[in-house]
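A structural walkthrough
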Amino acid sequence: MDLFSRSWTALRTAVADIPDEDFERPSGCTGWLVRDLVCHLVIDAQDILITLVTPAETEPTVDAVTYWELVEPPTGEDPLDALIPRLAAAYGEPRWLKFHFDDVGSAAGRAAELADPAVRVSTRDEVLTVGDYVSAYVLEWTLHHLDLIAHLPSAAEPPAETLAAARVSLEKIAGTPFPTSLSDTDALLIGTGRRTPTDEEKAALGEVAAKLPLIIG
């Protein structure tokens, strides 16, 4: 719960601190501007609220790691991916998008903090505990925080402890640790295909390089 709150609070703070003119800059998500990514985060926050009030009685089918599936790289043809830029543009001014994200994001954060970690919830046709659900999102928030600041050099980075936790989650998904020579940020960016490894980094990755990138969804 603590890491979820830290990663989510840091991401919400980073969005609030972005100057309006930077909402038109590209994000680390291919084809999306910063405003498009923030719009996606609004939808993510809504999903959290929905999931936390969707109890399940059956045994868990996934945990914080197996919740994520490996998917094909985005092509831009997915209907929802194409819808996001139109929704983001409909806000008109960044202040309205910021307001909506802060409003829904604050509610999602409070709901997660108040929820019983042992309670089972259902989402995406799977069942897992609230504790595992919010733990899974530490990886999501940390990656999207890196996406948000990809072209904003003066923006604050994710907290060190959430970067480390996200790296551990990605290594579990990969089934192997990444080289210690890679920083947590580089491991996440390279591991998820957000950055191409240098020749030196590829050599350090060894056989792991063949498994990359890990596109999670």
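Everything in this summary refers to the structure shown in the same document. (Residues numbered from 1 in each chain as written. Predicted model: local features only at pLDDT ≥ 70, side-chain atom pairs only at ≥ 80, totals over all residues. Heavy atoms only, no water.)

Moving on, we come to the pattern of salt bridges. Counting across every chain of the model gives 14 salt bridges. Here Arg 120 makes a salt bridge to Glu 59, at a shortest N to O gap of 3.1 Å. In this pair, Arg 120 is assigned in strand β1 (residues 120-123) and Glu 59 in the loop between α2 (34-52) and α3 (79-90), connecting sequence segments 61 residues apart. Taking relative accessible area as the criterion, Arg 120 reaches 25% and is therefore assigned partly exposed. For Glu 59, a relative accessible area of 59% puts it in the exposed group. Measuring nitrogen to oxygen at the nearest pair gives 2.7 Å for the salt bridge that ties Arg 194 to Asp 147. (Salt bridge = Lys/Arg side-chain N within 4 Å of Asp/Glu carboxyl O. Helix = DSSP H or I, 4+ residues; strand = E, 2+ residues; numbered from the N terminus. Buried < 20%, exposed > 50% of the residue type's maximum accessible area, 1.4 Å probe, protein only.)

The next subject is the packing of helix α1 (residues 2-16) against helix α4 (residues 94-114). Between α1 and α4, the shortest axis-to-axis distance is 11 Å and the interhelical angle comes to 170°. As far as their axial angle goes, α4 and α1 are roughly antiparallel. On α4, the residues that touch Phe 4, Ser 5, Trp 8, Arg 12, Val 15 and Ala 16 of α1 are Lys 98, Phe 101, Asp 102, Gly 105, Ser 106, Ala 108, Gly 109, Ala 112 and Glu 113. Taken together, the residues of the contact of α1 with α4 sort by class into seven nonpolar, four polar and four charged. (Axes fitted to C-alpha atoms, helices over the stretch in contact; angles between N-to-C directions. Parallel < 35°, antiparallel > 145°, perpendicular 65-115°, else oblique. Contact = heavy atoms within 4.5 Å. Nonpolar A, V, L, I, M, F, W, Y, C, P; charged D, E, K, R; others polar.)

Another aspect to go through is the layout of surface pockets. Estimates place the volume of the largest pocket at around 1300 Å³. Of all the secondary structure elements, the ones that give two or more residues to the lining of the largest pocket are α2, α3, β1 and α5 (130-148). In terms of residue count, α2 provides more of the lining of the largest pocket than any other element does, six residues in total. The residue inventory of the lining of the largest pocket, partitioned by class, reads 18 nonpolar, 14 polar and eight charged. Put simply, the second largest pocket is a space of about 180 Å³. Lining the second largest pocket are 15 residues, with Ala 14, Asp 17, Ser 154, Ala 155 and Ala 156 sitting closest to its centre. At three residues, the largest contribution of residues to the lining of the second largest pocket is made by α1. A class-by-class count of the residues in the lining of the second largest pocket yields eight nonpolar, three polar and four charged. (1 Å grid on protein atoms, 1.4 Å probe; cavity = no way out; pocket = protein on both sides within 12 Å on 5 of 7 lines; lining within 4 Å. Points joined across faces, edges and corners; volume = space filled by probe spheres on them.)

Shape descriptors only; they carry no functional weight alone.
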